[in-house]
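Given next are the chains, with one letter for each unit.
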Amino acid sequence: MTRNETQDQTYDVAVVGARCAGSATARLLAARGLRVVVLDRSEPTRDVFSTHGIVRPGVVQLHRWGLLDAVIDSGAPAVRELTVGDPEWERTLPVKARAGVDRLVAPRRYVLDDLLAGAAVEAGAELRTDVSVTELLRDGERVVGVAGRTRGGDPVRVRARHVVGADGLRSSVARLVGAEVTASCTTDLAAQYAYVEGGAWRGYEFHAGHDAYSGVFPTHDDAGCVFVMRPAHLLDERPARGEDRGRAFLDLLGEAAPRLAARVGDDGRVVGRVRSGSRLPNHRRRAHGPGWSLVGDAGYHRDPITGHGISDAFNHAELLAEALGGWLLGGRPERAALAEYEAERDAVSADLFRITRDLATLPHGARFAELQSELGAALDREADELAARPTPPGLAEPVAA
Ligand SMILES: Cc1cc2nc3c(=O)[nH]c(=O)nc-3n(C[C@H](O)[C@H](O)[C@H](O)COP(=O)(O)OP(=O)(O)OC[C@H]3O[C@@H](n4cnc5c(N)ncnc54)[C@H](O)[C@@H]3O)c2cc1C
C-alpha cells in the first residue's frame, strides 16, 4: 500500500495540524472509533516557536488522558514549586494538590508534540507529516476534504466528512473558509526566550519588573526555558546575533528580573538561539461552518503572557471531539453540535482572554497582584471543571497521580 492511497479513501475527519490541538483532537476522535487522518507539513519532532510551561488545566488534561507519566518519563522535571516576585521581594509556594494533580510540567515541544502524535496513531489515527494543505475540497457550500502537496511535490487529495483546522495562528483552513474574527483586542508586548543551562531552578518562576515580566520553566536536560517580556517599543529590535546573543539576553534578564538572573549565576549560559516575537494577536474566530471547524490557535489566539495556549488547545480539543462524536456517532445535527462547541469554547476561555489582555499592559503594583490572583482563581476553576468531566470515550480511566 502506498502512502498516496490516502487520496482514494474517505475519512470521517481530516485534521490539519499535528500538534497540541490537532493530535489531541485526532486521538480523541480515533479513540471513539472514527476514521481519522492527521496531516501536517512538519514533523512533530521539530521544535516550534513557543515556550512551554503548562499550567494546571493542561496538566490535568495530560493526566486525564493518561499521558502525564509519559511526559515525566521523557525527562521533563516534575515542577513542585512556584516562585513569584519583583525586584523587592519574592515568595516560593508549593504546587498544591488540586484537580487530581500535584505537579506541573514544561516538556520541550518536540517531546510533547511527538507524544501526542504517537498517542493519536496508537488510537488508530493515520498520521502524514509530509503534506502541506493548500486547498479545501467542496461540494457546494460544504467542505468535503483537503488538497495539497507532499514535500516531494506530489499532489494529495483527502476526502472526509469533516475537516478540522488545527493548523495554528496562521491557519490555512481559517483563511480558506473565511472564518470571521468574532472578538479581538490589541496588546503591545514583545517576548524573547532562550534555553539556559547551569541555573539553580526552583520550579516555575514569574517576576514582575519595571515594564517587564520574566520567568523560567525548568525543562529537559536541566535547562531552563527563560523568557523576558516587555512592551514592544522597548524590545522589538531583534536579539543580538553571534557570540553576543546569549550575553545580551542574560543582561536583559538581569535588568528585568535581578533575582531570577542571580539564580542563573556565573555558570549559567544560553544554549541555542535567542527567539523573539512581538505584538502577537489576540482574537477568536468563528469556530465552525458546513463541514469544517477550527481548534487551538487556528480559532483562538492570545498573547503568551498567561502561558495558556497549550491548555486551551487541550481543553478545546476535547470539546470539539465531544461535538463531532455527538454528530458523527450520536446522530445530533452537525450544526447544533458545533454551535455548542463554539459557545463552550468561548465561555471557557472568556476569563483568560480578558485577564491576558489586562496583564499584557504590564500594570504595576496592586493591579498586577490583583490580576495574578484572578489568573490563579481562573486556572483553578478551569482545572476543577476539567477534572470533573468524565474520561473521554475510548480512553482508560486515569490512575491517581
Ligand atoms: C512566544 C510564545 C510563547 C508561548 N508560551 C506558551 C507557554 O509557556 N505555555 C503555553 O501553554 N502556551 C504557550 N504558547 C502558546 C502555544 O505555543 C500555542 O497555543 C500552541 O502551540 C497551539 O497549538 P496548536 O496545535 O493550535 O498550533 P501549533 O502548535 O501552531 O501547530 C500547528 C501545526 O499545523 C501545521 N500546519 C500549519 N499550516 C499547515 C498547512 N497548511 N498544512 C499542513 N500543516 C500545517 C504546522 O506545521 C504545525 O505543526 C506560546 C506561544 C508563543 C508564540
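Residues numbered from 1 in each chain as written. Predicted model: local features only at pLDDT ≥ 70, side-chain atom pairs only at ≥ 80, totals over all residues.

Colleague: I'd love a proper account of the pairing of strand β11 (residues 204–209), names of residues and values included.
Modeller: With 6 of 6 residues buried, β11 is to be regarded as a mostly interior element. Burial along β11 is two-sided: the face carrying Y204, F206 and A208 and the face carrying E205, H207 and G209 are both buried. Inspection of the sheet shows strand β3 (residues 81–85) paired to β11 by 4 bridges, in the parallel sense. Opposite V84, over in β11, you have F206 as the bridge partner. (Buried ≥ 20, exposed ≤ 12 C-beta atoms within 10 Å, placed from the backbone. Helix = DSSP H or I, 4+ residues; strand = E, 2+ residues; numbered from the N terminus. Pairing = 2+ DSSP bridges.)

Colleague: Residues and numbers for the site of the ligand, please.
Modeller: Close to the ligand lie 38 residues; G17, S50, G168, G296 and G309 are nearest. Elements that contribute at least two residues to the shell around the ligand include exactly α1 (20–31), β6 (131–139) and α9 (309–328). Counting residues per element, the shell around the ligand draws most heavily on α9, which supplies 4 residues. Broken down by class, the residue content of the shell around the ligand amounts to 16 nonpolar, 17 polar and 5 charged. (Near = placed C-beta within 6 Å. Nonpolar A, V, L, I, M, F, W, Y, C, P; charged D, E, K, R; others polar.)

Colleague: Please provide a residue-by-residue account of the packing of helix α2 (residues 56–64) against helix α11 (residues 365–388), values included.
Modeller: Relative orientation of the contacting elements α2 and α11 amounts to 15 degrees, with a least axis distance of 8 Å. Classified by the angle their axes make, α2 and α11 are roughly parallel. For the element pair α2 and α11, the recorded crossing hand is right-handed. Contacts from R56, P57, V60, Q61 and R64 of α2 reach α11 at L379, E382, A383, L386 and A387. Its residues assigned to classes, the contact of α2 with α11 comprises 6 nonpolar, 1 polar and 3 charged. (Axes fitted to C-alpha atoms, helices over the stretch in contact; angles between N-to-C directions. Parallel < 35°, antiparallel > 145°, perpendicular 65-115°, else oblique. Left-handed = near helix turned anticlockwise from the far one by under 90°. Contact = placed C-beta atoms within 7 Å.)

Colleague: Give me the pairing of strand β13 (residues 224–231): which residues, what numbers.
Modeller: Summarising burial for β13: 7 of the 8 residues are buried, a large majority. Across 8 bridges, strand β10 (residues 189–197) lies against β13 in antiparallel orientation. If you follow A191 over to β13, its bridge partner there is M229. When strand β12 (residues 212–218) meets β13, the two strands line up antiparallel, connected through 6 bridges. By the bridge assignment, V216 is partnered in β13 with V226. Adjacent in sequence and paired antiparallel, β12 and β13 are bridged by 5 residues, among which D221 carries a positive phi angle near 60 degrees.

Colleague: A description of the environment of L34 should follow, citing residues and the corresponding values.
Modeller: Inspection of the secondary structure assignment puts L34 in the loop between α1 and β2 (36–39). Among the residues examined, L34 registers 23 C-beta atoms within 10 Å and is labelled buried. In the structure, L34 is positioned 156 residues away from A190 in sequence and 41 Å away in space, judged by C-alpha atoms. With sequence-adjacent residues up to four places away left out, L34 is seen in contact with D12, V13, L29 and L328.

Colleague: Residue-level account of the sheet that holds strand β15 (residues 282–285), with values.
Modeller: In spatial order, the strands read β9-β15-β18; together these 3 strands make up an open sheet with antiparallel pairing. Edge positions in the open sheet fall to β9 (181–185) and β18 (300–301), since each of these has one partner strand only. As paired strands, β15 and β18 are joined by 2 bridges and run antiparallel to one another. By the bridge assignment, R284 is partnered in β18 with Y300. Lying on the sheet, helix α10 (residues 334–359) is in contact with β9, β15 and β18; it crosses β15 at an angle near 165 degrees.

Colleague: So what's going on with α1? Residues and values would help.
Modeller: The first and last C-alpha atoms of α1 sit 17 Å apart over 12 residues, in line with the 16 Å expected at 1.5 Å per residue. Summarising burial for α1: 12 of the 12 residues are buried, a large majority. For α1, the complete set of buried residues consists of C20, A21, G22, S23, A24, T25, A26, R27, L28, L29, A30 and A31. Of the surrounding secondary structure, the elements contacted by the buried residues of α1 are β1 (10–16), β2, α4 (109–122), β8 (155–165) and α9. Looking one or two places after α1, you find G33, whose phi comes out positive at around 100 degrees. (Expected span 1.5 Å × (residues − 1).)

Colleague: Talk me through the nonpolar core; I want residue IDs and the actual numbers.
Modeller: If you look at the biggest cluster of nonpolar residues, it comprises 120 residues, and the most contacted ones within it are A14 and V36. Each of domain 1 (3–78 + 108–184 + 281–388) and domain 2 (189–278) contributes no fewer than three residues to this core. Apart from residues lying up to four places away in sequence, A14 is in contact with V37, L39, G145, V146, V158, A160 and V163. (Core = buried A, V, L, I, M, F, W, Y, C linked by C-beta atoms within 7 Å. Domains from an automatic or database assignment.)

Colleague: For the environment of H233, give the residues involved together with the corresponding values.
Modeller: With respect to the element layout, H233 can be found in helix α6 (residues 232–235). Residues H233 and R279 lie 46 residues apart in sequence; the distance between their C-alpha atoms is 9.9 Å.

Colleague: Kindly report on the packing of α1 against α4, identifying the contributing residues and their values.
Modeller: The geometry of α1 relative to α4 is characterised by a closest axis approach of 8 Å and an angle of 20 degrees between their N-to-C directions. Judged by the angle between their axes, α1 and α4 are roughly parallel. Taken as a pair, α1 and α4 cross one another with a handedness that is left-handed. For the pair α1 and α4, the contacting residues are C20, S23, A24, A26, R27 and A30 in the first and D113, L116, A117, A119 and A120 in the second. Classifying every residue of the contact of α1 with α4 gives 8 nonpolar, 1 polar and 2 charged.

Colleague: How would you summarise the domain arrangement of the protein if you had to cite specific residues and measurements?
Modeller: The figure often quoted for interface size is the accessible area lost as the parts come together. Its domain assignment divides the protein into domain 1 (3–78 + 108–184 + 281–388) and domain 2 (189–278). The straight-line distance from the C-alpha centre of domain 1 to that of domain 2 is 28 Å. At the interface, 15 residues of domain 1 touch 17 residues of domain 2. Of the residues that constitute the side of domain 1 that touches domain 2, the class distribution is 9 nonpolar, 4 polar and 2 charged.

Colleague: Go over α11 with me, naming the residues and quoting the values.
Modeller: Since there are 3.6 residues in each turn of an α-helix, residues three or four apart along the chain are aligned in direction. In a regular helix each residue adds 1.5 Å, so 24 residues correspond to 34 Å; α11 covers 35 Å between its end C-alpha atoms and thus fits that length. Along α11, the residues classified as buried are L375, A378, L379, E382, A383 and L386. In this structure, the buried side of α11 is in contact with α2, α9 and α10.

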